[in-house]
There are 2 protein chains.
Amino acid sequence: MNFSVFVPPGIAGRQAPALYFLAGLTCSDETFMIKAGAQRLAAQLGLILVACDTSPRSVEIPGDRESWDFGIGAGFYVDATEPGWKDHYRMASYVNRELPALVEEHFGAHTDKRGIFGHSMGGHGALVIGLRHPQRWHSLSALAPIANPTAVPWGQKAFSRYLGPQSAEWEQWDASCLMRQRAFPRPILVDQGLADEFLTQQLRPEALEAAAHSSGQALTLRRHERYGHGYWFIQSVVADHLEHHSRMLQ
Amino acid sequence: MNFSVFVPPGIAGRQAPALYFLAGLTCSDETFMIKAGAQRLAAQLGLILVACDTSPRSVEIPGDRESWDFGIGAGFYVDATEPGWKDHYRMASYVNRELPALVEEHFGAHTDKRGIFGHSMGGHGALVIGLRHPQRWHSLSALAPIANPTAVPWGQKAFSRYLGPQSAEWEQWDASCLMRQRAFPRPILVDQGLADEFLTQQLRPEALEAAAHSSGQALTLRRHERYGHGYWFIQSVVADHLEHHSRMLQ
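Residues numbered from 1 in each chain as written. Chains lettered and ligands numbered in written order. Predicted model: local features only at pLDDT ≥ 70, side-chain atom pairs only at ≥ 80, totals over all residues. Heavy atoms only, no water.

Asker: Before we go on, may I ask you to explain the interface of chain A and chain B in this structure?
Answerer: Interface size is commonly expressed as the accessible area that is lost once the parts come together. The interface of chain A with chain B comprises 11 residues on the first partner and 11 residues on the second. Counting the surface lost from both chain A and chain B, the interface buries some 960 Å², and carbon and sulfur atoms represent 49% of this. Three residues, I34, R40 and Q235 of chain A, lead the burial of chain A against chain B; their summed loss comes to 53% of the area buried on that side. Connecting chain A to chain B are zero salt bridges. Here chain A and chain B share four residue pairs in polar contact (both at pLDDT 80 or more) between them. Put simply, the parts of the chain that give the side of chain A that touches chain B at least two residues each are α1 (31-35), α2 (39-45) and α10 (231-248) of chain A. (Contact = heavy atoms within 4.5 Å. Buried area = accessible area lost by both parts, 1.4 Å probe. Salt bridge = Lys/Arg side-chain N within 4 Å of Asp/Glu carboxyl O. Polar contact = N/O pair within 3.5 Å; in protein donor to acceptor, adjacent residues only side chain to side chain. Helix = DSSP H or I, 4+ residues; strand = E, 2+ residues; numbered from the N terminus.)

Following this line, the structure appears as structure tokens:
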């Protein structure tokens with residue numbers, strides 16, 4: 001697994017908080033670093049930025065290249081349980097444990113100040129991993145997340161092949177299902193563009209909003225007119241996310 | 001010719017200064033907009049950003065795809081005089097006249113507040129166009145420019161094929177030759193990374209520095225340790241360039 005790390009100048013020798021970004025379908029560990037324009041503010045805030053890949057790349061599994069929304073580039077940040085996938089497609093464990101251990105050992109990241117956010121499929125991943133492991137993640141946000149994957153085509157396709165037929169297990173990987181039952185202990189920021197071509201069919205932020213209402217989750221869901229799904233949107237709001245995490249990680 | 005324009009929100013109806021970016025070898029009109037992370041600050045400063053392509057793309061000329069440093073993606077911002085090229089490879093006239101006319105007509109840019117900057121081949125282009133037409137360009141800067149193309153392999157290859165055998169004409173397209181004889185009427189900012197892999201053989205900022213000394217050009221040439229030639233470097237210094245132009249264009 002490749003990953004990208006930005007270490008702000010001047011933090012050598014002292015532990016800095018680290019903010020992990022999970023990218024969307026088809027992206028790699030390079031996409032956010034190249035396109036989001038986040039490094040300048042991360043340097044000012046003293047935040048280490050970490051971006052991981054969206055699936056394993058060094059194994060070949062039958063079917064992993066048949067479509068852009070499943071397999072390579074589309075790990076969905078779950079730990080697969082189905083034969084063929086369960087030995088390698090363990091993105092949740094990788095993001096939650098393996099990657100932070102490497103970043104903390106080799107780049108001086110603080111072991112008790114971790115933030116996580118992501119975009120689209122990665123917004124789903126960040127919300128799910130944060131909600132499942134709130135003791136390990138101290139700040140949480142998302143951009144245009146797949147907020148209710150068990151109810152939409154992208155999620156149903158991926159979950160059925162990584163996790164097997166629809167079951168209660170699926171709900172453990174769905175941010176809206178999780179949030180209905182438990183609140184993350186700190187406020188969550190979510191941004192969504194209203195000109196996003198995937199909004200209605202794939203993203204469903206209203207499900208997350210309803211879940212937050214049920215559990216008492218502190219959620220700021222901002223809807224932005226005229227913004228689409230891509231990195232122009234991310235460039236436009238990423239500073240607010242870095243500032244959100246920086247405040248939470250103080 | 002395709003070009004990219006960023007118009008800051010809230011400037012409709014009033015003329016805003018426009019800053020033109022000329023990209024380097026192999027880039028297109030999209031590269032700067034995607035990779036430089038400049039829009040947020042441009043919005044704050046009220047600057048229109050314009051990025052053009054690096055050569056014509058809709059014509060096919062024998063030899064235009066044989067190498068990455070000549071022809072497609074490598075117009076060198078000159079007006080070609082050689083047969084085969086002179087009808088279409090007129091990037092200098094395009095940047096100096098045709099493109100601003102379009103931007104001023106369709107995007108409300110101010111007709112008397114134009115800035116120009118660029119990177120590598122585009123740094124050369126910005127310096128040459130600014131120095132040749134100081135009445136049209138009111139602010140000027142460059143990042144890792146090919147500062148003395150008549151003396152380096154990239155420039156010699158391109159000039160010999162666009163302009164013919166080496167002659168006095170070449171010097172009219174060389175920023176260091178031009179600056180030796182005339183100063184741009186305002187201060188110029190140039191940034192250069194010292195870990196730039198092209199620094200010694202292709203860029204030669206010291207020639208520009210010597211020329212500025214000869215003509216009395218106000219030149220701030222900043223050398224940055226450990227920075228290379230690519231967009232990480234541009235991301236790191238682009239804010240200073242926008243602020244430079246914003247000050248000059250007030």
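That was the structure; now back to the text.
Asker: Help me understand the relation of the copies chain A and chain B, please; the structure alone is not making it clear to me.
Answerer: Take chain A, turn it by 180 degrees, move it 0.0 Å along the axis, and it overlays chain B with an RMSD of 0.0 Å. Here the copies are linked by what is in effect a two-fold axis. Closest approach to the rotation axis among the C-alpha atoms of chain A is made by G37 of chain A, whose C-alpha sits 2.3 Å away. Both copies share a contact surface, since 100% of the interface residues of chain A are interface residues in chain B too. (Least-squares fit on C-alpha atoms with pLDDT ≥ 70 in both.)

Asker: When you look at the sheet that holds strand β4 (residues 109-119) of chain B in this model, what are you seeing that I'm missing?
Answerer: Strands pair in a sheet through their backbones, by hydrogen bonds, and they do so in one of two ways: parallel or antiparallel. Residues and elements named next belong to chain B. Pairing is mixed across the open sheet formed by seven strands, whose spatial order is β1-β3-β2-β4-β5-β6-β7. Strand pairing shows two members of the sheet lacking a second neighbour, β1 (3-6) and β7 (219-224), which therefore form its edges. For this sheet the average axis-to-axis angle between neighbouring strands, irrespective of direction, equals 15 degrees. Those strands touched by helix α4 (residues 121-132) are β2 (16-22), β4, β5 (139-143) and β6 (188-193), and its axis lies near 140 degrees from that of β4. Contacts between helix α10 (residues 231-248) and the sheet are confined to β2, β4, β5, β6 and β7, with β5 contributing the most and set at about 170 degrees to the helix. (Pairing = 2+ DSSP bridges. Axes fitted to C-alpha atoms, helices over the stretch in contact; angles between N-to-C directions.)

Asker: In this structure, what is going on with the sheet that holds strand β3 (residues 48-52) of chain A? I would like to understand it.
Answerer: Residues and elements named next belong to chain A. Pairing is mixed across the open sheet formed by seven strands, whose spatial order is β1-β3-β2-β4-β5-β6-β7. Both edges of this open sheet fall to β1 (3-6) and β7 (219-224), since each of them pairs with a single strand only. Between one strand axis and the next, the sheet turns by 15 degrees as a mean value, whatever way the strands run. Of the strand pairs in this sheet, strand β6 (residues 188-193) and β7 are connected by six bridges, and their pairing is parallel. Residue Q192 lies in a different strand from β7, and its bridge partner there is R223. Of the strands in this sheet, β2 (16-22), β4 (109-119), β5 (139-143) and β6 are in contact with helix α4 (residues 121-132), which crosses β4 at around 140 degrees.

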